[in-house]
Amino acid sequence: MATIGSSNHPGKAKWLFIVLFLLLAASGALVWFQLSAPPDRPFTVPGSQAAASFAASIQPEEIKKIEVRLQSNLMTDVGFVSWFQQANTELGLPAQWSGEWIAQDQLLYGFWLAEQGRKSSFDQWNRQFRTYFLSPRGLVYPVRNRVVDDPLEMMTGLDSGTQLEPAADDSESWPDSLLYLRVLALAYAKWPSDSLNQEETGLAGVLAQVIGTGLAPDQLVAIPTSAPTQDPAATPTPRPEPTTEQEAASYAGDPVIRLAALDLPALKALAELDPTLENRYAEAVSLVQEGLISEALPLYAYGFATSQQGYVRFIRPTPVVDLQESLACALHLAEIGQLDPRTLSWLLEHLLNDNVLYSTYHITQGQPGTAEESLAGLALTARIARIAGHEPLYRRAVERLSWHRATSPTSSVLDAIFRQDSQGVVTMTARDNILALLAMS
């Protein structure tokens, strides 16, 4: 039996020392890991199917078909071109592709990939986007153009090794950069890493310098004046005089903050990274909320003219509100829980009564300003309805959007959301189809 002072005691002390050393090393490693780990920054944007209180209208395999067609018809080694036009033998038109890559199309797709939790696809997308769309200081170029020898030449295919050149106005876009911050914030919240942290905080730092002490205008627009409102009941029915190009050119350009450019969740995330910008976020929320046109037409003005300190409700020769721009404002408000319920009621009324959402609506009369449907408007409405938990509106919007999906086996846009003009020319756009992915999945 071992006794005090026996030869076994030094052995026990040795093992006790080893155990204590290992415990201290493990504790130190844990502290080091916690200190060196990327900071925790939760970022949630409502609107995905995973967060919805009701089941999806479209099956996952159908969503996949839309994405496959989007990639096969519009994807290049640079990103998605903005549109593809199907060949029309009756008119003698060959298939044509746009020579323009729009940053917002790429960013919406990147956001969808992050929302779907597809990390490897997102990482590949992010490398591609950073290669072709970021300026030297890290902001986003809004448009990139294909290098062509003939300015009138259209793309005849989606070849590899595409050469790009800047757009005519190659200025950086802080609204597109803000959308990129939203994408990075969501990706970082899902997959925290040092690289994503550096990308997000680096972009936030540059954006803070650009936005500065006040929200910067992002566009110069020629602000038209309202034409006299015609009385549709008059006999004979009056016809408004068309606005000539000379008259349109006489308007002076005013700096305008587009309300749709104020990505409220992204500005909130930016303010959390840089608390000095909290007032900019509050200012943006107020600008969008107060841009509501009227109770009768609860849509949103186009922008805010900084020189006049007033809202620009429309920028076309005729007094009509652009539905896609307006619903982008409504979506941003819905994402922060500030959606005006009158907008939701207006959308439900028009989809129930007309089964259509048009691209423009008259500011005072509230009637459609065109016969063209807004496919993007339907997708945005579906996303808004899902955030609001409004199942009837969601299903009606998705049903109408799906009506514009190609079903002919011989069509080169099979499964895509497409547009068809009065001559029968079929076009699919990246924007319509990416917004459909965000609305349906």
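Fair warning: this is a prediction, and the values are worked out from it, not measured in the lab. (Residues numbered from 1 in each chain as written. Predicted model: local features only at pLDDT ≥ 70, side-chain atom pairs only at ≥ 80, totals over all residues. Heavy atoms only, no water.)

Quick notes on the overall build of the protein
For step 1, the next point in the chain: When you go through the protein residue by residue, the secondary structure sums to 14 helices and 13 strands.
For step 2, the next point in the chain: Sorting the 441 residues of the protein into buried and exposed places 46% on the buried side.
For step 3, the next point in the chain: Within the protein, counting contacts between residues at least 6 apart in sequence, those at least 24 apart form 70% of the total.
For step 4, the next point in the chain: For the protein, the computed accessible surface area is about 22,000 Å², with 54% contributed by carbon and sulfur atoms. (Helix = DSSP H or I, 4+ residues; strand = E, 2+ residues; numbered from the N terminus. Buried < 20%, exposed > 50% of the residue type's maximum accessible area, 1.4 Å probe, protein only. Contact = heavy atoms within 4.5 Å. Areas by Shrake-Rupley, 256 points an atom, 1.4 Å probe, with all protein chains shown as cover.)

A closer look at the confidence of the model for the protein
For step 1, the next point in the chain: This prediction gives the protein a mean pLDDT of 87; 82% of its residues lie at or above 70.
For step 2, the next point in the chain: Counting contacts from residues 1-6, a segment whose pLDDT is below 50, to residues more than four positions away or on other chains yields one contact.
For step 3, the next point in the chain: When the criterion is pLDDT under 50, residues 31-35 qualifies, and its contacts beyond four places in sequence or with other chains add up to zero contacts. (pLDDT = per-residue confidence, 0-100.)

Remarks on the pattern of salt bridges
For step 1, the next point in the chain: Using the criterion set out here, one finds 23 salt bridges in the structure.
For step 2, the next point in the chain: Across the pair aspartate 105 and arginine 431 runs a salt bridge, and its minimum N-O distance is 2.5 Å. Linking aspartate 105 in helix 3 (residues 103-115) with arginine 431 in helix 14 (residues 430-440), this pair joins segments that are 326 residues apart in sequence.
For step 3, the next point in the chain: Residue classification places aspartate 105 among the buried positions, given a relative accessible area of 1%.
For step 4, the next point in the chain: Given a relative accessible area of 17%, arginine 431 falls into the buried group.
For step 5, the next point in the chain: Taken together, the salt bridges that share partners define one network made up of Glu62, Lys65, Arg405 and Asp415. (Salt bridge = Lys/Arg side-chain N within 4 Å of Asp/Glu carboxyl O.)

Details of the sheet that holds strand 1 (residues 83-85)
For step 1, the next point in the chain: With antiparallel pairing, the four strands of this open sheet are ordered in space as 2-1-13-12. Every interior strand has two partners, whereas the edge strands, strand 2 (96-97) and strand 12 (419-420), have only one.
For step 2, the next point in the chain: In this structure, strand 1 lies alongside strand 13 (residues 426-429), joined through three bridges in antiparallel fashion. By the bridge assignment, phenylalanine 84 is partnered in strand 13 with methionine 428.
For step 3, the next point in the chain: Taken strand by strand, helix 2 (residues 60-74) contacts strand 1, strand 2 and strand 13, and its axis lies near 105° from that of strand 13. (Pairing = 2+ DSSP bridges. Axes fitted to C-alpha atoms, helices over the stretch in contact; angles between N-to-C directions.)

A short note on the packing of helix 3 against helix 5 (residues 174-190)
For step 1, the next point in the chain: The contact between helix 3 and helix 5 brings their axes to 9 Å, and the two run at 15°. Regarding the angle of helix 3 to helix 5, the classification is roughly parallel. As helix 3 runs across helix 5, the sense of the crossing is left-handed. On helix 5, the residues touching Ala103, Gln104, Leu107, Leu108, Gly110, Phe111, Ala114 and Glu115 of helix 3 are Asp176, Leu179, Tyr180, Arg182, Val183, Leu186, Ala187 and Lys190.
For step 2, the next point in the chain: Of the residues assigned to the contact of helix 3 with helix 5, the class counts are ten nonpolar, two polar and four charged. (Parallel < 35°, antiparallel > 145°, perpendicular 65-115°, else oblique. Left-handed = near helix turned anticlockwise from the far one by under 90°. Nonpolar A, V, L, I, M, F, W, Y, C, P; charged D, E, K, R; others polar.)

A word on the sheet that holds strand 7 (residues 253-258)
Whether parallel or antiparallel, the strands of a sheet pair through hydrogen bonds between backbone atoms.
For step 1, the next point in the chain: Spatial strand order, 6-7-8-9: four strands in an open sheet with antiparallel pairing. Among the strands making up the open sheet, the edge pair consists of strand 6 (219-222) and strand 9 (310-312). Going across the sheet, the axis of each strand differs from the next one's by a mean of 50°, ignoring polarity.
For step 2, the next point in the chain: Strand direction decides the pairing type here: strand 7 and strand 8 (residues 303-305), joined by three bridges, are antiparallel. Its bridge partner being in strand 8, arginine 258 is matched across the sheet by glycine 303.

Here's the deal with the pairing of strand 7
For step 1, the next point in the chain: Relative to strand 7, strand 6 is paired through four bridges, and the arrangement is antiparallel. Along strand 7, the bridge assignment pairs leucine 220 with proline 255.

Considerations on the packing of helix 4 (residues 119-133) against helix 5
For step 1, the next point in the chain: In contact at an axis separation of 12 Å, helix 4 and helix 5 are set at 150° when each is read in the N-to-C sense. Taken together, the axes of helix 4 and helix 5 lie roughly antiparallel to each other. With respect to the hand of their crossing, helix 4 and helix 5 are arranged in left-handed fashion. Where helix 4 approaches helix 5, its residues Phe122, Trp125, Asn126, Phe129 and Arg130 are matched on the opposing element by Tyr180, Val183, Leu184 and Ala187.
For step 2, the next point in the chain: In the contact of helix 4 with helix 5, the residues fall into seven nonpolar, one polar and one charged.

With respect to helix 3
For step 1, the next point in the chain: With 13 residues, helix 3 ought to run about 18 Å at 1.5 Å a step, and its terminal C-alpha atoms sit 18 Å apart, in line with that.
For step 2, the next point in the chain: Along helix 3, twelve of the 13 residues are buried, which leaves the element largely enclosed by surrounding structure.
For step 3, the next point in the chain: Where helix 3 terminates, the next one or two residues include glycine 117, which has phi positive at roughly 75°. (Expected span 1.5 Å × (residues − 1).)

Quick word on the nonpolar core
For step 1, the next point in the chain: Of all hydrophobic cores here, the largest spans 120 residues; its most connected members are Tyr180 and Leu262.
For step 2, the next point in the chain: Broken down by element, this core gets its largest block of residues, eleven residues, from helix 5.
For step 3, the next point in the chain: Excluding residues within four positions of it along the chain, tyrosine 180 makes contact with Leu107, Trp125, Asn126, Phe129, Arg130, Leu134, Val140, Glu199 and Leu203.
For step 4, the next point in the chain: The next biggest cluster of nonpolar side chains, apart from the first, holds six residues, and it includes Val221, Ile223, Val256 and Tyr302. (Core = buried A, V, L, I, M, F, W, Y, C linked by side-chain atoms within 4.5 Å.)

Some words on unusual backbone geometry
For step 1, the next point in the chain: The backbone of glutamine 309 sits at a positive phi, close to 50°, despite the residue not being glycine.
For step 2, the next point in the chain: With respect to the element layout, glutamine 309 can be found in the loop between strand 8 and strand 9.
For step 3, the next point in the chain: Backbone geometry at asparagine 355 places phi at a positive 60°, although glycine is not the residue there.
For step 4, the next point in the chain: As for its position among the elements, asparagine 355 is in the loop between helix 11 (341-353) and strand 11 (360-362).
For step 5, the next point in the chain: Classification of asparagine 355 as partly exposed rests on a relative accessible area of 29%.

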